[in-house]
Amino acid sequence: MTATAPPAPAIGQSLDRVDGRQKVTGAARYSAEIPLHGIAYAHLVGARIASGRITAVDAGAARAADGVLAVLTHENLEKIASLPPLLPSLAGSAAPGQTFFPMQDATIHYAGQPVAIVVADTHERAQHAASLVRVTYEESPSVTTIDQGRDQAYEPEAIFANFIPGHTTRGDIEAGIAQAEALVQGEFSYAANNHNPIEPSATTAEWDGDELVLHDATQGVNATRLTVAALLGLPIAKVRVISHFVGGSFGSKAMIWHHPALAAMAAREVGRPVKLSLTREQMFTSCGHREEQEQRITLGATRDGKLTALRHHKLSPTSPFDHWAEPSLGVASQIYGCPHYEGVYRLIRANTMTPTFTRCPGEASGMHALECSMDELAQQLGLDPLELRLRNISDTDPATGHPWSSSGLKECYERGAARFGWHDRDPEPGRRRQGHWLIGTGMATAGYPVYQPNNPQRARARIYADGTAVVQAATPDFGTGVATVMTQVAAETLGISVDRCRFENGDTDLPNISAAVGSSGAGMISAAVHTAAKALRDQLVTRAVADSGSPLHGADPATVTVRDGVMTAGPGAESYADLLRRNFQPDAEASGAWMPAEATGQYGMMTFGAQFAEVAVDAELGLVRVRRLTGAFAPGRVLNPKTCRSQLMGGMLWGLGQALLESNRMQPRTGRWANSNLGEYLIAVNADVPDVDIELVDVEDRIVNPLGVKGVGEVGQVGVSAAIANAVHHATGRRVRKVPITIEDML
């Protein structure tokens, strides 16, 4: 029998961030801020063409510039040892962003591809010398947009690092369409999106003999370690990666791109620590992106609104080396009960780097097409859009037939609609005005899969003889508040107060955690921390009841409770600290490892929600302003409502940007991004942000992990752009099938 701790107030409390003071005072050190003796600075030179070959590199002026230590090109950079396969960073393996490493030959595959590295004794000197490098090219025709490559499209066997089939069916799609009494067909286009976290990607590399230490801005220190070790041919034990603070990622730091290995190569070349920090412009060409895409969708339903068919096709450019597309058709195929389905991905080989995870990868685009089409179907059938969705809720995952581990979707609809005031709306478009503003409301469903790791997630817990504790796991904190919520999990499991517990993280010397991508972090890290802390608590309880000198001697371990560090059973009580001191033990330690149970494969796992939006459209100028957003979500157990709401609000505001602002396009003639800075790539700022109302719906989930935590990093964005587009249609009567929706679309 193991001991149990009574409910303590740590989990579920809206605690402030434990690292907040470090961040606001500047004490927190990010990867480009590590002070090392003798540090040098590297700057990348990117290709100015999208396709062709380098014919000459003139680096003489750069090498002669003051302070320059080295200029590395394909002519003198060391060759990589091996190139790992493309695998998601959640897999607990090497995770290169693309199966291509630059500066190994003279071929140019995309604009911005690194063609030289300049290393100097100051950042400014490195930048100046980089501007002196002259590269000449033999240019060849490029394909960078869908329109340029449409006739070359192909259907891959699999996408997303071969994890998702390129073609999926269930039932008989043609029979489902034939059965339909109402049919909606539409084509949706999406501009490419870029990540733009506040901290650009950066790596500081230092060699100590044949051992390498990297300070890397990454979502997964072990992913960086394994990838760089493979690229450089190093034993894994010779590489240590540290990443205590990361200034946002949104997917740009989920996979491991070329710069960590290039920084290590440069540091080995000059015999000094080297810092390589990408510029804002380089962030657009070095860390992947959400690809330009087109989606075609057909929805069929009976007159009473029951779906009979869903056909969903996607077309997008990928790189010359990888079959990558974000999985836009996944949740869209599962969110409603529909017996007949066909999903097809088609790709175009293009002169671009491999696209990658971008916040809410796939669901943000796929659910936009589905949810706008659901509104069109509701209008055709004369149904309220919310009622149509309620009629198609499924108690099982339509893709597998397995029951959901938990849902809460109906409650999200009901409570979100009540908070928003949905049932007071006039269903007719274009009926409500306030002066020259047309007012409309719209809604959409949110859903995001619960991804499970396929390798053990580990943590270590230690308690000291003064009653304080430290819990350790390798995971970085990239702005989500993981250090805070894991302190809460550890404290509650151990039965001590939060101020007596500390969480250490962000170092490969600590127990392994996979990269926290796809909203998986809260669930898998909390499971590992809980498992380790529980093992330590049980160890101490077992020790106490077996100790003849303890007041708990002879007690049944199952009856022992722990609160504020004191173990109690009946009249007997003893603190952790007293037990350790009496036995001359300075500390006690336990490790824990968690993997999903085999039974999880018998359930569908999804985080559900509902989004509601109110917009105002200027009838004369075409301006669209979002006035209100309401989101209701069922994320399982909430570890910290404050950090949870922060994540959900961030996702909802990103959805606003997706709907109305964020857009990048390749220039067909040059193959370069049209917008490669924050002056031209528009993101939502405070003036764009409306009132955001968030409702958390409690659902118990005993399947996903020990604490029933699902995660919220992505689901907040799902459906927001569709809710806004549906609200624009309700305000104006105009259906826009592209994002972002611009003034020109309204005029």
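It should be noted that the structure appears before, not after, this text.
Notes on the structure in this doc start here. Note that this is a predicted model, so its numbers are computed, not measured. (Residues numbered from 1 in each chain as written. Predicted model: local features only at pLDDT ≥ 70, side-chain atom pairs only at ≥ 80, totals over all residues. Heavy atoms only, no water.)

Quick look at the environment of Thr 445 now. Along the chain, Thr 445 falls in strand β19 (residues 437–449). Spatially, the C-alpha atoms of Thr 445 and Phe 608 are 7.8 Å apart, while their sequence positions differ by 163 residues. Ignoring anything within four residues of it in the chain, the contact list for Thr 445 reads Ile 335, Tyr 336, Met 367, Glu 371, Arg 389, Leu 409, Tyr 413, Gly 609, Val 718 and Gly 719. Engagement of the side chain of Thr 445 in a polar contact is seen with the side chain of Tyr 336, the distance being 2.7 Å. (Helix = DSSP H or I, 4+ residues; strand = E, 2+ residues; numbered from the N terminus. Contact = heavy atoms within 4.5 Å. Polar contact = N/O pair within 3.5 Å; in protein donor to acceptor, adjacent residues only side chain to side chain.)

Attention now moves to the packing of helix α13 (residues 482–494) against helix α14 (residues 521–546). At their nearest, the axes of α13 and α14 sit 8 Å apart, and the two run at 30° to each other. The angle between α13 and α14 places the two elements in the roughly parallel class. The element α13 and its partner α14 pack so that their crossing is right-handed. Here α13 contributes Val 482, Met 486, Val 489, Ala 490, Thr 493 and Leu 494 to the contact with α14, which in turn contributes Ala 522, Ile 525, Ser 526, Val 529, His 530, Ala 533, Lys 534, Leu 536 and Arg 537. Within the contact of α13 with α14, the residues separate by chemical class into ten nonpolar, three polar and two charged. (Axes fitted to C-alpha atoms, helices over the stretch in contact; angles between N-to-C directions. Parallel < 35°, antiparallel > 145°, perpendicular 65-115°, else oblique. Left-handed = near helix turned anticlockwise from the far one by under 90°. Nonpolar A, V, L, I, M, F, W, Y, C, P; charged D, E, K, R; others polar.)

Another point: the environment of Ile 177. Here Ile 177 shows up in helix α5 (residues 173–179). Spatially, the C-alpha atom of Ile 177 lies 8.3 Å from that of His 340, the residues being 163 residues apart in sequence. Residues contacting Ile 177, with those up to four places away along its chain left out, are Leu 183, Thr 298, Ala 309 and Arg 311.

On to the sheet that holds strand β28 (residues 624–634). Taken in spatial order, the five strands make up an open sheet running β18-β19-β27-β28-β29, and their pairing is mixed. Only two strands of the sheet have a single partner each, and these edge strands are β18 (433–434) and β29 (691–696). The pairing of β19 with strand β27 (residues 606–618) spans 13 bridges and is classified as antiparallel. Across the sheet, residue Gly 442 finds its bridge partner in β27, namely Ala 613. Taken strand by strand, helix α16 (residues 641–660) contacts β27, β28 and β29, and its axis lies near 130° from that of β29. (Pairing = 2+ DSSP bridges.)

Only a minority of non-glycine residues have a phi that is not negative, and only a minority of peptide bonds are not trans. The amide bond that connects Val 739 to the next residue, Pro 740, takes the cis arrangement and shows omega of 0°. Following the sequence through the fold, Pro 740 ends up in the loop between β30 (738–739) and α18 (743–746). With a phi close to 55°, Phe 160 is a non-glycine residue in the positive phi region. For Phe 160, the position within the fold is in the loop between β7 (158–159) and β8 (164–165). You will see that Ser 519, though not glycine, has its phi angle at about 60°, which is positive. Relative to the helices and strands, Ser 519 resides in the loop between β22 (501–504) and α14.

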